[in-house]
Structure formats: structure tokens, C-alpha cells
Amino acid sequence: MPRTLRLAMIGGSEGAFIGAIHRAAAALDGHWRLVAGAFSSDPDRNRRSGEALEIAPERRYSSLEALLAAEAALPAAERVDAVAIVTPNHLHAPMAIAALDAGFHVFCEKPMALDLNEARSIAEAQARSGRQFALAFTYSGYPLVEEARVRIARGDFGKIRLVQVEYSQGWLSRPIDREGNKQAEWRTDPARAGLGGCLGDIGTHAFHLAEHVSGLQVRDLCADLTTHVPGRRLDDDVSVLLRLEGGARGTLKASQVAAGDENGLKLRIHGELGGLEWSQMEPNSLVLRWLDRPTEIVRAAGPGLAETTLSLLRTPSGHPEGYIEAFANLYRAFAMRISDSAGTDLDSAFPSVDAGLRTMAFVESVIANSASDKKWTTLAPA
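As the structure is a computational prediction, the values presented were derived from the model and not from experiment.

Novice: Please clarify how the state of the cysteines should be interpreted in this entry.
Specialist: Simply put, the disulfide is a covalent bond whose two ends are the sulfur atoms of two cysteines. Summed over the entire model, instances satisfying the criterion amount to zero disulfides. We note that Cys-198 lacks a disulfide partner, and the nearest cysteine sulfur, in Cys-222, lies 17 Å from it.

Novice: Honestly, the packing of aromatic side chains in this entry has me stumped. Any pointers?
Specialist: Applying the stated criterion to the full structure yields 14 aromatic pairs. Pairing Tyr-139 with Tyr-142 gives two aromatic rings, centres 6.1 Å apart and planes at 5°, and the pair type is stacked. For the pair Tyr-139 and Tyr-142, one class covers both residues: buried. Ring centres of Tyr-323 and Phe-327 lie 5.9 Å apart, and the angle between their planes is 90°; on these two criteria the pair is classed as edge-to-face. A residue pair is termed a helical-turn pair when its members lie 3 or 4 positions apart in one helix, as Tyr-323 and Phe-327 do in helix H11 (residues 323–339) at four residues. Accessibility expressed as a relative area gives 24% for Tyr-323, which makes it partly exposed. Ring pairs connect the aromatic residues Trp-32, Phe-107, Tyr-139, Tyr-142, Tyr-167, Trp-278, Tyr-323, Phe-327, Tyr-331, Phe-334 and Phe-350, which therefore count as one cluster. Above the ring of Trp-376, the side-chain terminus of Arg-243 is found at 3.9 Å from the ring centroid.

Novice: Just checking my understanding: could you explain the sheet that holds strand E6 (residues 160–168) for this structure?
Specialist: Within a sheet, adjacent strands bond to each other through the backbone by hydrogen bonds, running parallel or antiparallel. If you trace the nine strands from one edge of the open sheet to the other, you get E13-E12-E11-E10-E6-E9-E8-E7-E14, paired in mixed fashion. The open sheet has two edge strands, strand E13 (296–299) and strand E14 (377–378), and neither has a second partner. In the sheet, strand E8 (residues 237–244) pairs with strand E9 (residues 249–255) via seven bridges, with the strands oriented antiparallel. Pairing of Asp-237 across the sheet is with Ser-255, part of E9. The strands touched by helix H9 (residues 198–214) are E6, strand E7 (218–226), E8, E9, strand E10 (264–271) and strand E11 (274–279); relative to E9, the strand with the most contacts, the crossing angle is about 150°. Set on the sheet, helix H12 (residues 353–371) makes contact with E7, E8, E9 and E14; between it and E7 the angle comes to about 55°.

Novice: Just checking my understanding: could you explain the pattern of salt bridges for this structure?
Specialist: Opposite charge on two side chains permits pairing when their charged atoms draw close. A full pass over the atoms with the stated rule returns 25 salt bridges. Between Lys-110 and Asp-201 there is a salt bridge; the shortest N-O distance is 3.2 Å. Of the two residues, Lys-110 is situated in the loop between strand E4 (105–108) and helix H5 (116–129) and Asp-201 in helix H9; the sequence distance between them amounts to 91 residues. Note that Asp-177 and Arg-232 form a salt bridge whose closest N and O atoms lie 3.0 Å from each other. With Asp-177 in the loop between E6 and helix H7 (182–187) and Arg-232 in the loop between E7 and E8, this pair connects stretches of sequence that are 55 residues apart.

Here is what the cut-offs are and how they apply
- Residues numbered from 1 in each chain as written.
- Predicted model: local features only at pLDDT ≥ 70, side-chain atom pairs only at ≥ 80, totals over all residues.
- Heavy atoms only, no water.
- Disulfide = S-S within 2.5 Å.
- Phe/Tyr/Trp six-rings, centres within 6.5 Å; stacked < 30°, edge-to-face > 60°.
- Buried < 20%, exposed > 50% of the residue type's maximum accessible area, 1.4 Å probe, protein only.
- Helix = DSSP H or I, 4+ residues; strand = E, 2+ residues; numbered from the N terminus.
- Lys NZ or Arg CZ within 6 Å of the ring centre and 35° of its normal.
- Pairing = 2+ DSSP bridges.
- Contact = heavy atoms within 4.5 Å.
- Axes fitted to C-alpha atoms, helices over the stretch in contact; angles between N-to-C directions.
- Salt bridge = Lys/Arg side-chain N within 4 Å of Asp/Glu carboxyl O.

Given below as C-alpha cells:
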């Protein structure tokens, strides 16, 4: 890396889970330094957050608009290189577009926007600005997710037939969105979360992971959205049948009312010759199953891994790496792309505008299909 890049953050004030994760991930490899931010619309919370993060007083801004104006006026050697957006979903599009148009790179939380039209507006802003846009589909940053992708792409399992992905949580089993839980409150509010509840929050992760690892795009889908908790305004349970290119078939199950489940993201893919299985809660193991030989377990930093997998690892075998390290791989790839580092092949860990458009098209297609009597809905290219 030619230099440490400068980062500003929008949102992520004291007590915000995802803001702290972004900051830890960005700092892990030394490629980023947080130097500015507008952390909260509440002045006292914004001040306290800036102080706790040791941000210089003159770079603790009251709003995104103030941040963009002041930073753009600084000499190139001082202004921030990128803006991380870690706000609720309804602010993603206006903030991302403003930052891109002001000449800054953007790292944005998912989902990309409230709907596909907003996502397209972000894509247009990214294209006209020439800046980079990264999206926080964290699970693509896990080393053994990359290993699974590589093995499928090189044909180890033959033609892919089955793609099964599940993301199961239980934290919304009770109506905590009406009991003062702020994280639950905005995620179940259509005005702030967007068209989908569970669908937009974790269903998009599952969809992105399935397409990313299998290398196949979903062509058609048949969906059922359910809201189990009375009075909740958005879905909390999702079931989707998938038809993928090349004749493969799949299922996607996402739920936030599976009482007792923690963060159960699991992926299984099968071809003519065998298949693989990966679980986010056991991320350092990749299970390979075969028709004609014993089951294998591939371990992080163990023998036989692809070069791109090895580039995502930081510790020797037996030293577990997890969520923050996977997140950091996205920030590292983002930094290397901005710095135009030669010889770096980290695209697979760098979800961009295309991933955002695909997932928003998926959300809209699932909602349309579930609300209609039509059995199958075509997922058109975004």
C-alpha cells in the first residue's frame, strides 16, 4: 500500500453495533485511519462519539452535508478518501449519491437502498463520479467462502445442480420492535428499512452468498413472505424456490423468528460429482462430500488452499478468524482498488454496485411474487 487512506463515517455513534464493527474492520490491516465523521444527528451524542474516537474537534461534523463541504475544501493530502455509510437503510441512497458526486469513494452498509430505483440512482452516481463503491456483504470476505467459490469455478464438482442457502435468526421472535429496541424498531419500519424486513436485512445476504459462490444467477423464483409477530409491518420469515441458470435448482430460507437461533447462515451446493457445505458459525471449516471417496474437511490456513484464499488469511492454522476479519477483507480490497495496487486479485471479496443491484432486484421480485397468484417470477438483470 502506498499510504494509509483516510476514512470518514456517517452514523455509527456510541452504542451502534455495526459502526463499531466497521471501525474495527477498517483499522485491522492498517490500510485505513478514521479521521472525520458525522456520527449522530443528536449533537451531544455526536460530540461524545467524536471525543471517544479521538476525532479532531474541527472534523466532528454535524451532518453529511457539512462533512462533504469541509472535506472537499481541504488540500488533497488532508481530505478523506472515502465515506463509510452505516446509517439505517433510508439514508443510504441520498448519502451515497451526495458523497460520490462530491468526489469521495463510498463504503455502504447493505441493503444498498430502499428499492431498485434508488439502487440504480446510486449506480448512475458511481458511474459519473468514477469513484469506487463497496457494499458490506460481509460473508464474501470469509476465506473458506472464497475457497468454495474457487473450487466450484474450476469444476471440482461438475455441473452444479443444487444450491441451498439458509439464514436463521431468532432475535425478532418477540415484538421487541415495539418495546424500545432501536435496532429492531427501524428494521421493521418500512419508511426506514425499505420494502423488505427479514428479506432485506438477511435475505439479501443469503441471496448474494448463493450467487457469489455458485457462480450462477437466479433466473426465476417462487416466494412466500410471512409476518409471524402480530402487528409487525414487514416480513420476518422468507421462503423462496429458485431456478438458476444452467438448470440448477435452489432454495433460500431466511427467518428472524426462529426462536433460539443465533446467526445461522449455512450454504450447501451440489454438483454431479459431489458438493460442499459451509456454516458461518463454524467458518474455518469447509466440508467436501463426494460420490466415490470419503468426506473431506478443508481448514482455514491448512494445506491445499487456492492463492486467493490464502490472500484473505492472517494467522496460521488453528488460530480462528471470524466476522471482523472477514469484514476487514472487504475494507482491504476496497483500499487496494482505490490505491490501484498492482497484482492484487481481491475482486471476489469486494461486493460492488452490481451486487447491490442484483440483491435489490431480488427483493422486489420476491415481494411481487409472494403478493401474486403467479407461481414463478423472472428475476430480470438489474
